[in-house]
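# Coordinates in review
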Amino acid sequence: MISGALLLGREFEIKDFLKNRLGKIIPPFLFWSLFYSLSSRYFFNSEVLNVSKIVKDVFYGSKYHLWFVFALIGVYLIAPIFQKWIHFSKQNDIKYFLIIWLITLFLTIPGVSIYFPKINFAYFSGYLGYFILGYYLKNYVKNRNLISYSLIFIGLVITIFGSYYMTKKNGVFYDYFYEYLCINALMVSIGIFMLFNKIENINDKIKPLISKLNDCSFGIYLIHPFVLDRFRALGVFNYTINSIIDILLISLSCFFLGFIVIYIIKKIKFGHLIA
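Residues numbered from 1 in each chain as written. Predicted model: local features only at pLDDT ≥ 70, side-chain atom pairs only at ≥ 80, totals over all residues. Heavy atoms only, no water.

Let us now look at helix H8 (residues 183-197). Its 15 residues give H8 an end-to-end C-alpha distance of 21 Å, which sits within 8% of 21 Å, the value for a rise of 1.5 Å per residue. All of the buried residues in H8 are Ile-183, Asn-184, Ala-185, Leu-186, Met-187, Val-188, Ile-190, Gly-191, Phe-193 and Met-194. (Helix = DSSP H or I, 4+ residues; strand = E, 2+ residues; numbered from the N terminus. Expected span 1.5 Å × (residues − 1). Buried < 20%, exposed > 50% of the residue type's maximum accessible area, 1.4 Å probe, protein only.)

On to a nonpolar patch on the surface. Together, Ile-192, Phe-196, Ile-199, Ile-202, Ile-206 and Ile-210 make up an exposed nonpolar region whose accessible area comes to about 540 Å². With respect to the helices and strands, the residue Ile-206 is situated in the loop between H8 and helix H9 (207-234). (Patch = residues over 30% accessible without salt bridge, like charges linked within 9 Å, V, L, I, M, F, W, Y side chains within 5 Å. Areas by Shrake-Rupley, 256 points an atom, 1.4 Å probe, with all protein chains shown as cover. Salt bridge = Lys/Arg side-chain N within 4 Å of Asp/Glu carboxyl O.)

On to the packing of helix H4 (residues 67-88) against helix H6 (residues 128-140). Across the interface, H4 lies against H6 with an axial gap of 11 Å and an inter-helix angle of 40°. Of the possible angle classes, the one that applies to H4 and H6 is oblique. The element H4 and its partner H6 pack so that their crossing is right-handed. Facing H4, whose interface residues are Val-75, Ile-78, Ala-79, Phe-82, Trp-85 and Ile-86, H6 presents Leu-128, Phe-131, Ile-132 and Tyr-135. Its residues assigned to classes, the contact of H4 with H6 comprises 10 nonpolar, no polar and no charged. (Axes fitted to C-alpha atoms, helices over the stretch in contact; angles between N-to-C directions. Parallel < 35°, antiparallel > 145°, perpendicular 65-115°, else oblique. Left-handed = near helix turned anticlockwise from the far one by under 90°. Contact = heavy atoms within 4.5 Å. Nonpolar A, V, L, I, M, F, W, Y, C, P; charged D, E, K, R; others polar.)

This part takes up the environment of Ser-39. Locating Ser-39 in the fold gives a position in helix H2 (residues 14-43). For Ser-39, a relative accessible area of 4% puts it in the buried group. Setting aside residues no more than four positions away along its own chain, Ser-39 makes contact with Phe-44 and Asn-45. At a separation of 3.2 Å, a polar atom in the side chain of Ser-39 contacts the main-chain carbonyl oxygen of Tyr-36. (Polar contact = N/O pair within 3.5 Å; in protein donor to acceptor, adjacent residues only side chain to side chain.)

Glancing now at the nonpolar core. Within the largest apolar cluster, 59 residues are counted, with the highest numbers of intra-cluster contacts made by Phe-97, Leu-98, Trp-101, Ile-132, Leu-133 and Ile-262. The set of elements that each furnish at least two residues to this core consists of helix H1 (2-7), H2, H4, helix H5 (91-106), H6, H8, H9 and helix H10 (243-267). (Core = buried A, V, L, I, M, F, W, Y, C linked by side-chain atoms within 4.5 Å.)

Further remarks concern the packing of aromatic side chains. Any two aromatic rings considered together are summarised by their centre-to-centre distance and by the angle between their planes. What the rule picks out here adds up to 25 aromatic pairs. Both rings, one in Phe-82 and one in Trp-85, keep their centres 5.6 Å apart while their planes meet at 85°; by these two values the pair is edge-to-face. Of the two residues, Phe-82 and Trp-85 both sit in helix H4, three residues apart, roughly one turn of that helix. Trp-85 gets classed as partly exposed once you look at its relative accessible area, which sits at 29%. For the pair Phe-97 and Phe-124, a centre-to-centre distance of 5.4 Å together with 40° between the ring planes defines the contact as tilted. In this pair, Phe-97 is assigned in helix H5 and Phe-124 in the loop between H5 and H6, connecting sequence segments 27 residues apart. In terms of burial, Phe-97 and Phe-124 fall into one category: buried. Three or more aromatic residues link up through ring pairs in this structure, and these residues are Phe-31, Trp-32, Phe-35, Tyr-36 and Phe-226. (Phe/Tyr/Trp six-rings, centres within 6.5 Å; stacked < 30°, edge-to-face > 60°.)

Between side chains of opposite charge, a pair can form when the charged atoms approach closely. Counted according to the given criterion, the structure contains four salt bridges. The shortest N-O distance in the salt bridge between Arg-41 and Asp-57 comes to 2.7 Å. With Arg-41 in helix H2 and Asp-57 in helix H3 (residues 51-60), the pair connects residues that are 16 residues apart, well separated along the chain. Assessed through its relative accessible area of 18%, Arg-41 is described here as buried.

So this is what it looks like as structure tokens:
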């Protein structure tokens, strides 16, 4: 959504866009894909070195969080096409796309698709909708706190009670409401995006800090599962009384430690290629 808000509507050449965008994410992605493959198979286990397995890991994701990079690469590849479309489109044209995309999200609700005709919505589905939505919200939707907080609240209620009810009904954890392409996740995403989009002025004193965090954010995302795995291996935060405290402490500690490591890496020559 942030990428759509910042990139769509701007003039750029396809070659320059792909060089700038993909050039920033593919080298770190390849490094950390290899890192997680080697560490999980050989550093912390004793498998025999197998190049084909490593290549397969890189192609299909050597760690769970790398799905986002695959999704981002796909969105960036099609972005130049949608940039041209956005340039010549009116608000209703973009709204039309988003409405069809919203229908594809409704179709993911268990048991709902049987009530719809089997129309192929493949051209409207997936994370591309979030990309277009970010541009639409930034340029055409007025930010209202009441709407934002309402969407966040309703989305969270659906997530909590939907997960509880379906888990109790099925006897095993039901994770549908944790999917990124479901209605409740969309509602929370819109609410949070609109709240942040309303911010116009930032205190000059914290701008340098925000700039540093922004510069390290992708690297923090790439390294955070490794940090969490080390916490788990060391038994960190296993002895607090409340799980909410655990979550808060682990999240902040992981973010802070990840930031320190990535910040140091970026200071090293060619460090920007891996972080």
